[in-house]
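Understanding the architecture of this molecule
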Amino acid sequence: MTLLVLRKELLELRRSPVLLLSMASLPATVVIVPIALLAWVMHAAPEQALAFVTDVYGGQSIGAVLARNWLPMFLVLPIFLPILLAAQSIGGERERRTLEPLLATPASTLSIILGKSIAALVPAVLITWIAAALFCAGIDAVIGHSLLPDEAWLFGTLVLSPLLALFGNAMAVVVSSRVLDPRAAQNLAATTVLPLLGLLVVQLAGRIALGPRFYVVLALGVAFADVALVFVAVRLFDRERLLTKWR
Amino acid sequence: MAAIEVEGLTKSFGGRVACRDVTFSVGKGEIFGLLGPNGAGKTTTLRMLAGLYAPDAGTAVVAGIRIPGGPELRRRVGLLTEQPGFYDRLTARENLKYFADLEGSRRDRVQALLDRFALAEHADRPFAELSRGMKQKLAIARALVHEPEVIFLDEPTVGLDPEATREVRSVIAELSAEHATIILCTHHLDEVERLCSRAAFIAQRVVAVHEIRREDLLRIDLAAPFAPDGVRAMCKSLRSSGTSLFIEPLAQVPDIVAALVAAGARIEAVAPHRDPLEEAWLSLLADAREQGLTA
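Residues numbered from 1 in each chain as written. Chains lettered and ligands numbered in written order. Predicted model: local features only at pLDDT ≥ 70, side-chain atom pairs only at ≥ 80, totals over all residues. Heavy atoms only, no water.

This next bit is on the domain arrangement of chain B. Split into domains, chain B comes out as domain 1 (2–211) and domain 2 (217–274). Distance from the C-alpha centre of domain 1 of chain B to the C-alpha centre of domain 2 of chain B: 41 Å. (Domains from an automatic or database assignment.)

This is the structure:
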């Protein structure tokens, strides 16, 4: 049943070019803006300014500083992207009046939630990986030698990204099951990215340096939260309430 | 043997009673109407019988399974929802196949139903592009895709143009000919008269179950009240109301009239008469209003 729901969701997504485009627009910005900025700074900034940055960041070049500190943005993406889809998952079915026929089938709550969740995860993770690969290639091209991906980048994109995507998605499904307006659900679920954005800002300000240990602890915490959230999502999926409440 | 036995079903939402003490039964192969004004609790009753809501009180057994029943009940019932409820970007075929797969239907069912409902030609068009009538036929096909033992049709012709209404009604008539067990939920009296063998008037609770007569009765108006005992043997049914007799004749009409005259009755008029559902409906509705069961 999960596979059936997943296949249908992906088919619908494939037929929604505008939604796919909207999903790709944020990653494109996250990739293009820093690379373009770095290229401009390296081309136009005076030598003394570049040397000053290197001095402030303990001997790292401006390219290395930007590359390493930009990683949290690629952790925000996999949380944010599935929210675009998952917040619509239950509320969207209600709006299109497809929820009642779906709930009238023998499909279990778990298979509906898993199918919809995986359908939101797969494109989010793929888009994040593609964006990360383009970012690494772009940065290396601008600075003229191979800097990325380093260990933190590989761990962050290959291990943390899927876990965070599942987290963002599960949050969206939980919110979508309780807050019945898909737009409100999307807005509420999107607040999940705020802690990570905060980390990014603090790190870019040079107040903290997030190392491999931080990312491993984060991965373990997120994996635990993912399991808990899927359980909560199934528990909160109240079929009667979904068919009767409209606010 | 009853396909559906409903006893005292009650359901409230946040203190608002949707239906109360609903009781009726539906025989195997019967088309049973559920009539009632908007907000009378028809859809709530259907949703409970389809396993979507759990009742607050009362019981019901549908196709041998006690509600709410879970996946096994949902496998045995087909539900036509009030809105067709399909995915706009998927084609008619993809939509039907999705639900067929979720129901675990036979592989050939989708094409068979597309053919049966004359949708095969339009099967590869996006659902959003289909006409309202086609959408409704596709929704009926979905309700049948897993060959359910019991079919619930919630307002099957609401919002349809006359042509589409006729098509949908003919589909229901076909199902009737195939001895499907159906509950038809509607507020169109003529639909019930055409399609159902019995109907329950529901206004939060079942007010009455009415047998639908298709054949005309004979109405004999008399000059004065008269005990028609002498002609009972000539009638399948006989009911007197004031100075009128309503007869379902077994013998020829002139013979009945002659027998009445011979027994001393003074006849003023003889005419065919239909037992209109509308009269019974309006009278029951007025009663329900008096009891505060409906607005």
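Residues and elements named next belong to chain B. Across its 16 residues, helix 6 (residues 162–177) extends 22 Å between first and last C-alpha, which sits within 8% of the 22 Å expected from 1.5 Å per residue. For helix 6, the set of buried residues is Ala 164, Thr 165, Val 168, Arg 169, Val 171, Ile 172 and Leu 175. The arc enclosing the buried residues of helix 6, seen along the axis, measures out at 155°, which places them on a common side. For helix 6, the exposed residues lying more than 90 degrees away from the buried face are Pro 162, Glu 163, Arg 166 and Ala 177. (Helix = DSSP H or I, 4+ residues; strand = E, 2+ residues; numbered from the N terminus. Expected span 1.5 Å × (residues − 1). Buried < 20%, exposed > 50% of the residue type's maximum accessible area, 1.4 Å probe, protein only. Arc of directions from axis to C-beta.)

Before going further, it helps to examine the interface of chain B and chain A. At the junction of the two partners, chain B supplies 27 residues and chain A supplies 25 residues. Across the interface of chain B and chain A, roughly 2,500 Å² is buried in total on both sides, 61% from carbon and sulfur atoms. The largest contributions to the chain B side of the interface with chain A come from Tyr 87, Arg 89 and Leu 102 of chain B, which together make up 26% of the buried area. Joining chain B to chain A, the criterion identifies four salt bridges. Lys 11 of chain B is the salt-bridge partner of Glu 240 of chain A, the closest N and O atoms lying 2.7 Å from each other. Applying the counting rule to chain B against chain A returns ten residue pairs in polar contact (both at pLDDT 80 or more). Classifying every residue of the side of chain B that touches chain A gives 13 nonpolar, four polar and ten charged. (Contact = heavy atoms within 4.5 Å. Buried area = accessible area lost by both parts, 1.4 Å probe. Salt bridge = Lys/Arg side-chain N within 4 Å of Asp/Glu carboxyl O. Polar contact = N/O pair within 3.5 Å; in protein donor to acceptor, adjacent residues only side chain to side chain. Nonpolar A, V, L, I, M, F, W, Y, C, P; charged D, E, K, R; others polar.)

All names here are of chain B. Position of Ala 200 among the secondary structure elements: in strand 9 (residues 198–203). Residues Ala 200 and Leu 34, 166 residues apart in the sequence, show an inter-C-alpha distance of 5.1 Å. Setting aside its immediate chain neighbours within four residues, Ala 200 contacts Phe 32, Gly 33, Leu 34, Leu 35, Val 206, Ala 208 and Val 209.

Another point: the pairing of strand 3 (residues 31–35) of chain B. Residues and elements named next belong to chain B. Counting buried residues along strand 3, five of its five residues qualify, which places the element largely inside the surrounding structure. The two faces of strand 3 match: Ile 31, Gly 33 and Leu 35 on one face and Phe 32 and Leu 34 on the other face are all buried. Sheet analysis places strand 3 next to strand 8 (residues 181–186), joined by five bridges and oriented parallel. Looking across to strand 8, one finds that Phe 32 is bridged to Ile 183. Both strand 3 and strand 9 contribute to a ladder of four bridges, which runs parallel. Directly across from Leu 34, in strand 9, lies its bridge partner Ala 200. (Pairing = 2+ DSSP bridges.)

Here we take up the layout of surface pockets. The computed volume of the largest pocket comes to approximately 790 Å³. If you go around the largest pocket, you meet 31 residues; those closest to its centre are Leu 243 and Thr 244 of chain A together with Thr 43, Arg 47 and Tyr 53 of chain B. Within the residue set of the lining of the largest pocket, elements represented by two or more residues are helix 5 (71–95), helix 6 (99–103) and helix 12 (239–244) of chain A together with strand 2 (16–27) and helix 1 (42–49) of chain B. Ranked by residues supplied to the lining of the largest pocket, first place goes to helix 12 of chain A with five residues. In terms of lining, the second largest pocket is formed by 23 residues, of which the most central are Ser 16, Leu 19, Gln 88 and Arg 96 of chain A together with Arg 89 of chain B. Per-element accounting of the lining of the second largest pocket gives the leading share, six residues, to helix 5 of chain A. Tallied by class, the residues present in the lining of the second largest pocket amount to ten nonpolar, six polar and seven charged. (1 Å grid on protein atoms, 1.4 Å probe; cavity = no way out; pocket = protein on both sides within 12 Å on 5 of 7 lines; lining within 4 Å. Points joined across faces, edges and corners; volume = space filled by probe spheres on them.)

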